[in-house]
Amino acid sequence: MGKMEVRARAPGKIILAGEHAVVHGSTAVAASINLYTSVSILFSHGDTLKLELKDMELEFSWPIGKIKEVLPGFDIPSPSTPLSCSSGTLKSMEPLYEGQNIPEAKIALASGVLAFMWLYTNTQGYKPATVTVTSELPLGAGLGSSAAFCVALSGALLALSESCELDYSQQGWVALRNSELDLVNKWAFEGEKIIHGRPSGIDNTVSTYGNMIQFRSGEITRLKANTPLKMLITNTKVGRNTKALVAGVSERTLRHPEAMASVFKAVDSISKDLSDIIQTPALDDIAATEKEEKVEELMEMNQGLLQCMGVSHTTIETVLHTTLKYKLRSKLTGAGGGGCVLTLLPTKLDVLFLDPYNSVLSSIVVDKVVAELESCGFQCFIAGIGGNGLEVCFDDNAQN
Ligand SMILES: Nc1ncnc2c1ncn2[C@@H]1O[C@H](COP(=O)(O)OP(=O)(O)OP(=O)(O)O)[C@@H](O)[C@H]1O
Ligand SMILES: C[C@@](O)(CCO)CC(=O)[O-]
Ligand SMILES: [Mg+2]
């Protein structure tokens, strides 16, 4: 007997080094953060498929007949065979959101809705259901909201399909087996392609498996972090979309192939150095401080190269200058063009974390820099780094 209901949650991420260059074959390093996107699916007996995006107060509803018309051929879904959505199929899916009145300001959501529809029909066919999405992640801000959405959705869909053999009696959040995570990751990548155009796969991979990873051309190395990194995250609140930024870097690469190849090669070395440093244990406080200084320097170098790629922004530059006044180094994270910036908080600042969600900072320096950044209209927070990846829950009573 299959299960009727499931919830899945997947984390967002920060990229410590290597964004954009990773699309062109360089190494990158990323870690999960403790902010999640959750998807719940409840099969129903009606003849509609509903998608509720709770945070945006948006609700989509399609008669099953309409879905069959637009996306024929999924009467027998094949959840164990990840399939790419061709550009022709994407085009033919447009009528699905045309009648749904997406407000102009939220039009970027259309690609997320199409990714949903592709993943749903491929794994569940035309079953009526209500799918509910909630997220703690800011959308389009560099923290991997698109990947967390695709991973949580693929996780929930596969957990309800025959390709997963799960023990439904388990209580609370449970992890899937590695082979199942591999399948979720492949499906989430297909969703990311619909949203991003040309994703490297790093975001969905770190969201699926969690912790910290080194990633190069689809090859994953799970890192054993021996360095506790504390990062301040500043959201410039300037909206942007990853697809356009990734395309912009590719165009620059076509115009200046040799120069950009050198930039990507430099980023590759930075990511590898960073990965080595993170994995080497520090034997005493002096060694720990030296390691942090190297991390800071590598972040600063990576930021310079991101500027070469054309993905910085005046607000990002403001964050860099503001933090530098306090001798703190920063770099953009994710696709740039606005979005979030990371600032390393060295342990010597003696930062105290009392609560992972509402972190209370004891450091005078951090208090001052946060106040100055917030006076510019930015939003600062500290997230836990390197936690679990995708988890699912069949326990109807569990709320969190
Ligand atoms: N909770 C969600 N519900 C529906 N769609 C979502 C959700 N989260 C993300 N998306 C889709 O992903 C898009 C944002 O993805 P985008 O890749 O541009 O930014 P990001 O993933 O937040 O940042 P980055 O890719 O730099 O890490 C949204 O416009 C929407 O289409
Ligand atoms: C900009 C990018 O490198 C990271 C976005 O988080 C795109 C990708 O790797 O898919
Ligand atoms: Mg994204």
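Because the structure is a prediction, the values reported are computed rather than measured.

Reading the values: rules and limits
Residues numbered from 1 in each chain as written. Chains lettered and ligands numbered in written order. Predicted model: local features only at pLDDT ≥ 70, side-chain atom pairs only at ≥ 80, totals over all residues. Heavy atoms only, no water. UniProt positions renumbered as here; feature names shortened; annotations may be inferred. Helix = DSSP H or I, 4+ residues; strand = E, 2+ residues; numbered from the N terminus. Donors = N, O, S within 2.8 Å, 3.2 Å for Na, K, Ca; no water. Buried < 20%, exposed > 50% of the residue type's maximum accessible area, 1.4 Å probe, protein only. Near = heavy atom within 4 Å. Polar contact = N/O pair within 3.5 Å; in protein donor to acceptor, adjacent residues only side chain to side chain. Areas by Shrake-Rupley, 256 points an atom, 1.4 Å probe, with all protein chains shown as cover. Nonpolar A, V, L, I, M, F, W, Y, C, P; charged D, E, K, R; others polar. Domains from an automatic or database assignment. Phe/Tyr/Trp six-rings, centres within 6.5 Å; stacked < 30°, edge-to-face > 60°. Axes fitted to C-alpha atoms, helices over the stretch in contact; angles between N-to-C directions. Parallel < 35°, antiparallel > 145°, perpendicular 65-115°, else oblique. Contact = heavy atoms within 4.5 Å. Core = buried A, V, L, I, M, F, W, Y, C linked by side-chain atoms within 4.5 Å. Patch = residues over 30% accessible without salt bridge, like charges linked within 9 Å, V, L, I, M, F, W, Y side chains within 5 Å. Salt bridge = Lys/Arg side-chain N within 4 Å of Asp/Glu carboxyl O. Lys, Arg positive; Asp, Glu negative; His and termini not counted. Charge placed at Lys NZ, Arg CZ, Asp CG, Glu CD. Pairing = 2+ DSSP bridges. Buried area = accessible area lost by both parts, 1.4 Å probe.

Novice: Teacher, can you tell me more about the UniProt feature "domain: GHMP kinase N-terminal" (unreviewed entry) in the protein chain here?
Specialist: Sites flagged by UniProt as "domain: GHMP kinase N-terminal" (unreviewed entry) map to residues 121-210. What you have in residues 121-210 is 51% helix and 8% strand, and the ends, taken at the C-alpha atoms, are 27 Å apart.

Novice: For this particular structure, what's the right way to read the coordination of the magnesium ion (ligand 3)?
Specialist: Six octahedral donors around a metal ideally make angles of 90 or 180 degrees; four tetrahedral donors ideally make 109.5 degrees. Of the protein atoms, only Ser146 (OG) and His196 (NE2) coordinate the magnesium ion (ligand 3), at distances of 2.1 to 2.3 Å. Here the residue Ser146 occupies a position in helix H5 (residues 145-159), and His196 occupies one in helix H6 (residues 178-196), the gap between them amounting to 50 residues. The class of Ser146 is buried, set by a relative accessible area of 13%. Of the residues examined, His196 reaches a relative accessible area of 8% and is grouped as buried.

Novice: Quick question: what am I supposed to make of the site of ligand 1 here?
Specialist: Every one of the 25 residues lining ligand 1 counts as a neighbour, but Lys13, Gly144, Ser145, His196 and Arg240 are closest to it. Within the backbone of Gly112, a nitrogen or oxygen atom sits 3.1 Å from an oxygen atom of ligand 1. Residue Ser145 places a side-chain N or O atom 2.7 Å away from an oxygen atom belonging to ligand 1. Protein contact buries 96% of the 630 Å² of open area that ligand 1 shows by itself. By residue class, the composition of the shell around ligand 1 is 10 nonpolar, 12 polar and three charged. Each of domain 1 (5-222 + 389-393) and domain 2 (225-382) gives at least three residues to the shell around ligand 1.

Novice: Is there a simple way to think about the packing of aromatic side chains in this case?
Specialist: A ring pair, where both rings are aromatic, is described by two values, the distance of the centres and the angle of the planes. Counted according to the given criterion, the structure contains four aromatic pairs. Between the aromatic rings of Trp62 and Phe116, the centroid separation amounts to 6.0 Å while the plane-to-plane angle is 20°, which identifies the pairing as stacked. Here Trp62 is found in strand E4 (residues 58-63), whereas its partner Phe116 is found in helix H4 (residues 109-124), with 54 residues between them in sequence. As far as the burial class goes, Trp62 and Phe116 line up, both buried. Consider the rings of Phe116 and Tyr120, whose centres lie 5.8 Å apart with planes at 40°: the pair is tilted. Of the two residues, Phe116 and Tyr120 are both situated in helix H4; the distance of four residues between them amounts to about one turn of the helix.

Novice: Help me understand the packing of helix H8 (residues 242-255) against helix H9 (residues 257-279), please; the structure alone is not making it clear to me.
Specialist: The contact between H8 and H9 brings their axes to 5 Å, and the two run at 125°. Relative to H9, the element H8 is oriented oblique. The residues of H9 that touch H8, namely those facing Val249, Arg252, Thr253, Leu254 and Arg255, are Pro257, Met260 and Phe264. Residue classes in the contact of H8 with H9 are distributed as five nonpolar, one polar and two charged.

Novice: Whenever I open this one, the nonpolar core confuses me. Can you help?
Specialist: Where a protein is soluble and globular, its nonpolar side chains tend to be buried together. With 62 residues, the main nonpolar core has Ile41, Leu49, Trp62 and Phe116 as its most contacted residues. The greatest single-element share of this core, amounting to 10 residues, is contributed by H4. Beyond its immediate stretch of four places on either side in the chain, Phe116 contacts Leu49, Leu51, Trp62, Val131, Phe149 and Leu153. Formed by 56 residues, the second largest nonpolar core is a distinct cluster that contains Leu35, Met231, Leu245 and Leu305.

Novice: What's the story with the UniProt feature "domain: GHMP kinase C-terminal" (unreviewed entry) in the protein chain in this structure? I'm lost.
Specialist: The feature "domain: GHMP kinase C-terminal" (unreviewed entry), as annotated in UniProt, sits at residues 292-348 in this numbering. Helix and strand shares over residues 292-348 are 53% and 14% respectively, and the end C-alpha atoms of the span are 10 Å apart.

Novice: I'm lost on the site of ligand 2 in this one. Help?
Specialist: Of all residues adjacent to ligand 2, which total 14 residues, the nearest are Lys13, His20, Pro199, Ser200 and Asp203. For ligand 2, an oxygen atom lies 2.6 Å from a polar atom in the side chain of Lys13. Note that an oxygen atom of ligand 2 is positioned 2.6 Å from one of the side-chain N or O atoms of Asp203. A total of 290 Å² of accessible area belongs to ligand 2 in isolation, and the protein chains cover 98% of it. Split by residue class, the shell around ligand 2 holds seven nonpolar, four polar and three charged. Each of domain 1 (5-222 + 389-393) and domain 2 (225-382) accounts for three or more of the residues forming the shell around ligand 2.

Novice: How should the side chain of Thr343 be read in this particular structure?
Specialist: Mapped onto the elements of the fold, Thr343 is located in strand E10 (residues 340-344). Of note is the side chain of Thr343, whose polar atom sits 2.8 Å from the side chain of Ser330. Not counting chain neighbours up to four residues away, the residues in contact with Thr343 comprise Lys230, Met231, Leu232, Thr323, Leu328, Arg329 and Ser330.

Novice: Would you take a moment to explain a negative patch on the surface for this structure?
Specialist: Together, Asp284, Asp285, Glu290, Glu293 and Glu297 give the surface a local cluster of negative charge. Topologically, Asp284 is positioned in the loop between H9 and helix H10 (285-309).

Novice: I'm lost on the pairing of strand E1 (residues 5-17) in this one. Help?
Specialist: Successive side chains on a regular strand alternate, one facing one side of the sheet and the next facing the other. Across the 13 residues that make up E1, a large majority, 11, are buried. Two strands pair when backbone bridges link them, and E1 and strand E2 (residues 28-43) are joined in this way by 11 bridges, in the antiparallel orientation. Across the sheet, the residue bridging to Ala17 is Val29, located in E2. Strand direction decides the pairing type here: E1 and strand E12 (residues 391-393), joined by three bridges, are antiparallel. Note on E12: the bridge partner recorded for Arg9 is Glu391.

Novice: Sorry if this is basic, but what is going on with the domain arrangement of the protein chain here?
Specialist: It is common to give the size of an interface as the accessible area that goes away when the parts come together. Partitioning the protein chain into structural domains gives domain 1 (5-222 + 389-393) and domain 2 (225-382). For domain 1 versus domain 2, the separation of C-alpha centres amounts to 27 Å. Taken together, the two surfaces of domain 1 and domain 2 that pack against each other cover about 2,700 Å², and 63% of this comes from carbon and sulfur. Our count for the contact surface shared by domain 1 and domain 2 stands at two salt bridges. Salt-bridge contacts for Lys331 lead to Glu19; the nearest nitrogen and oxygen are separated by 2.9 Å. Taken together, the connections running from domain 1 to domain 2 amount to 13 residue pairs in polar contact (both at pLDDT 80 or more).

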